[in-house]
Amino acid sequence: FISHEEYKERMTRGIPKIGDILITTEAPLGEVAELKDANVAIGQRLITMRANENKLHNMYLKYYLQSHEGQARRNLSLSGRVGDTRPIHCIREPS
């Protein structure tokens, strides 16, 4: 639990919304979850993702990242070191 004042200090950008996708960046790396409550302070070692609503539905993004293909592509992008910060390239627009 954190106070309302501390929440305002921590959450200066990227305010979470219900339906956002969370991904862990350290062990266990790549765990995926959907945010069910927007009244949260996102901590360290988490990435918050939100799809462009005109191009992709957030639920599809979540299921893709949880799929065997999404996990395999993520594993190809990362070396497996804790704290690795290289981007995860998993979905591309059609050419």
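Residues numbered from 1 in each chain as written. Predicted model: local features only at pLDDT ≥ 70, side-chain atom pairs only at ≥ 80, totals over all residues. Heavy atoms only, no water.

(A) Focus on the environment of Arg45. Inspection of the secondary structure assignment puts Arg45 in the loop between β2 (32-34) and β3 (46-49). Separated by 19 residues in sequence, Arg45 and Glu26 place their C-alpha atoms 6.0 Å apart. What Arg45 contacts, discounting residues up to four positions off in sequence, is Ile23, Thr24, Thr25 and Glu26. (Helix = DSSP H or I, 4+ residues; strand = E, 2+ residues; numbered from the N terminus. Contact = heavy atoms within 4.5 Å.)

(B) Spatial organisation of the layout of surface pockets. The computed volume of the second largest pocket comes to approximately 190 Å³. Around the second largest pocket, the lining residues are Arg10, Met11, Thr12, Arg13, Gly14, Ile42, Leu46 and Thr48. Considered class by class, the residues forming the lining of the second largest pocket number three nonpolar, three polar and two charged. (1 Å grid on protein atoms, 1.4 Å probe; cavity = no way out; pocket = protein on both sides within 12 Å on 5 of 7 lines; lining within 4 Å. Points joined across faces, edges and corners; volume = space filled by probe spheres on them. Nonpolar A, V, L, I, M, F, W, Y, C, P; charged D, E, K, R; others polar.)

(C) Structural view of the packing of aromatic side chains. Scanning the entire structure with this criterion turns up one aromatic pair. Summarising the aromatic geometry, the rings of Tyr60 and Tyr64 are spaced 6.4 Å apart at their centres and angled 20° between planes, so their arrangement reads as stacked. Pair noted here: Tyr60 and Tyr64 are both in helix α2 (residues 58-66), with a separation of four residues, about one helical turn. For Tyr60, a relative accessible area of 47% translates into the label partly exposed. (Phe/Tyr/Trp six-rings, centres within 6.5 Å; stacked < 30°, edge-to-face > 60°. Buried < 20%, exposed > 50% of the residue type's maximum accessible area, 1.4 Å probe, protein only.)

Purely geometric stuff here, so don't read any function into it on its own.
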